[in-house]
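# Residue-level structure breakdown
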Amino acid sequence: MKENLRVRSIIEIVGSPENYVNESMDKVVNKLDERAEIKVLKKDVFNANQIEGKPLWSSFCEVELDIDGVDTLLSYCLDFMPSSIEIVEPDVFSLK
């Protein structure tokens, strides 16, 4: 039996120029929306800001997800390379 996980996560993109970073973040969020085994409950996308003293731009997205089990969570980590993951629910689960 698969147990759904509620997860908060942050996905970041750094690059140049600014419009490329914003377009890339939009593509990442759209790909996340297309995943049947992941339900996006909440998303906040922040436009790119220039990194002080560097010719680079940084954008990030905060998402809250309902994920179909640990296998899907691991797949999400490999596919989207989030910089932060917090498992909100369940409080306790075990793996064999």
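Conventions adopted
Residues numbered from 1 in each chain as written. Predicted model: local features only at pLDDT ≥ 70, side-chain atom pairs only at ≥ 80, totals over all residues. Heavy atoms only, no water. Helix = DSSP H or I, 4+ residues; strand = E, 2+ residues; numbered from the N terminus. Buried < 20%, exposed > 50% of the residue type's maximum accessible area, 1.4 Å probe, protein only. Contact = heavy atoms within 4.5 Å. Areas by Shrake-Rupley, 256 points an atom, 1.4 Å probe, with all protein chains shown as cover. Expected span 1.5 Å × (residues − 1). Arc of directions from axis to C-beta. Core = buried A, V, L, I, M, F, W, Y, C linked by side-chain atoms within 4.5 Å. Pairing = 2+ DSSP bridges. Axes fitted to C-alpha atoms, helices over the stretch in contact; angles between N-to-C directions.

## Here we look at the overall build of the protein chain
What the protein chain contains, in helices and strands, is 2 helices and 4 strands. Judged by the C-alpha coordinates and their principal axes, the protein chain covers about 50 × 25 × 20 Å. By the burial criterion, 30% of the 96 residues in the protein chain qualify as buried. Within the protein chain, contacts between residues separated by at least 24 positions form 70% of all contacts whose residues are at least 6 apart in sequence. Only carbon and sulfur atoms are counted for the fraction: they give 50% of the accessible area of the protein chain, which is about 6600 Å².

## Quick word on helix H2 (residues 69-80)
Compared with the 16 Å implied by 1.5 Å per residue over 12 residues, the 16 Å span of H2 between its first and last C-alpha is a close match. Buried within H2 are the following residues: Gly69, Thr72, Leu73, Tyr76 and Phe80. Along H2, the residues classed as buried sweep out an arc of 105 degrees about the axis, all on the same side. Exposed positions of H2 whose direction lies more than 90 degrees from the buried face are Asp71 and Leu78. In this structure, the buried residues of H2 make contact with strand S1 (4-15), helix H1 (18-34), strand S2 (38-50), strand S3 (57-68) and strand S4 (84-89). Among the residues trailing H2, Met81 stands out with phi positive, at a value near 45 degrees.

## Overview of the nonpolar core
Residues Leu32, Ile38, Val63, Leu65, Ile67, Leu73 and Tyr76 are the most contacted members of the largest nonpolar core, which totals 18 residues. Among the elements of the structure, S1, H1, S2, S3 and H2 are those that each provide at least two residues to this core. Sorting elements by how many residues they give to this core places S3 first, with 5 residues. Sequence-distant contacts of Leu32, that is, excluding residues within four places in its chain, are made with Ile38, Val40, Val63, Leu65, Tyr76 and Phe80.

## Structural notes on the sheet that holds S2
What links the strands of a sheet is backbone hydrogen bonding, and the strands pair in either a parallel or an antiparallel sense. Spatially, S2-S3-S1-S4 is the arrangement adopted by the 4 strands of the open sheet, whose pairing is antiparallel. Of all the strands in the sheet, just S2 and S4 have a single pairing partner and so form its edges. Adjacent strand axes in the sheet meet at a mean angle of 15 degrees, parallel and antiparallel pairs treated alike. Sheet topology places S2 next to S3; 10 bridges connect them, and they run antiparallel. The residue bridging Ile38 from the neighbouring strand is Ile67, located in S3.

## Topic: H1
The first and last C-alpha atoms of H1 sit 25 Å apart over 17 residues, in line with the 24 Å expected at 1.5 Å per residue. Of the residues making up H1, those classed as buried are Val21, Asn22, Ser24, Met25, Val29 and Leu32. For H1, the arc enclosing every buried residue in end-on projection is 160 degrees, short of the 170-degree limit, so these residues lie on one face. Projecting away from the buried face of H1 at angles above 90 degrees are the exposed residues Tyr20, Lys27, Lys31 and Glu34. Its buried side turned inward, H1 meets S1, S2, S3 and H2.

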